[in-house]
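Observations on chain architecture
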Amino acid sequence: MKRNIHFETAADWRHAAELVDFEPRRPTFTAGFALISLAVHVMDHRKRRLPVGRRSLEAHYGGFCIDQKRATSAEEANRQALSTPYGPDARTVRVAGRAGRSYALGPECDPHDTDGRSPAVVVWHDGDLFYLVASSRLDEKQLLRIASSMYSRVRGT
């Protein structure tokens, strides 16, 4: 598989934290899926190196992924979480007391459908940090449990 120059692979969570300007949140509940990779978006579409403050971190597990990044402001993070649509029929949710939205897993589709099944998504913001958890295998309730577990880790572990 060809390496994507827009991302830098992090060896572990500690290394990932060195590549971004925020402390990444890790889930304590993963629905039985193991971490497969950590990737930091380090280069834009014009092949310019992104400043640390504009980078996002993607954590890929076998059945879901997590994206987290610092927005330009708390208002921007709020807009991305609560005003930007990530599917049809948004539901208002709370993730560890923070306002968010969830979207249901789409219906099974024809195996030849190039778009595939629309994923379940949970999005929220925590100040100027924006978070997204998505899966084409798990439902929104499981994703909400994963999202909430990102606040239950003891610091320093």
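Above this note sits the structure.
Right, let's walk through the structure included here. Computed from a predicted model, the values in this text were never measured in an experiment.

**Structural notes on the pattern of salt bridges**
For the structure shown, the criterion picks out seven salt bridges. Residue glutamate 76 pairs with arginine 79 through a salt bridge whose shortest N-O separation is 2.6 Å. One end of the pair is glutamate 76 and the other is arginine 79, both in helix H2 (residues 74-82) and three residues apart, which spans about a single turn. The salt bridge partner of glutamate 140 is arginine 91, with a shortest N-O separation of 2.1 Å. Within this pair, whereas glutamate 140 is found in helix H3 (residues 140-149), its partner arginine 91 is found in strand E5 (residues 91-95), the two being separated by 49 residues in sequence. Judged by relative accessible area, arginine 91 falls into the partly exposed class, the value being 46%. Counted as one network, the salt bridges with shared partners bring together Asp21, Arg70 and Asp128.

**Some thoughts on the pairing of strand E6 (residues 98-103)**
Note that E5 and E6 share five bridges and pair antiparallel. Considered in E6, the bridge of arginine 94 is made with alanine 99. The hairpin turn running from E5 into E6, its antiparallel successor, is two residues long, and alanine 96 in that turn takes a positive phi close to 50 degrees. Strand direction decides the pairing type here: E6 and strand E7 (residues 120-126), joined by four bridges, are antiparallel. Residue pairing across strands places glycine 100 opposite tryptophan 124, the latter belonging to E7.

**Thoughts on the nonpolar core**
Within the largest apolar cluster, 28 residues are counted, with the highest numbers of intra-cluster contacts made by Phe64, Ile66, Trp124, Val133 and Leu143. Contributions of two or more residues to this core are made by helix H1 (13-19), strand E2 (35-41), strand E3 (56-61), E7, strand E8 (129-135) and H3. Ignoring sequence-local partners within four residues, the contact set of leucine 143 consists of Phe64, Ala120, Val121, Val122, Val133, Ala134, Ser135 and Leu138. Ala81, Val121, Phe130 and Ala134 belong to the second-largest nonpolar core, a separate cluster that totals nine residues.

Reading guide: rules and limits
- Residues numbered from 1 in each chain as written.
- Predicted model: local features only at pLDDT ≥ 70, side-chain atom pairs only at ≥ 80, totals over all residues.
- Heavy atoms only, no water.
- Salt bridge = Lys/Arg side-chain N within 4 Å of Asp/Glu carboxyl O.
- Helix = DSSP H or I, 4+ residues; strand = E, 2+ residues; numbered from the N terminus.
- Buried < 20%, exposed > 50% of the residue type's maximum accessible area, 1.4 Å probe, protein only.
- Pairing = 2+ DSSP bridges.
- Core = buried A, V, L, I, M, F, W, Y, C linked by side-chain atoms within 4.5 Å.
- Contact = heavy atoms within 4.5 Å.

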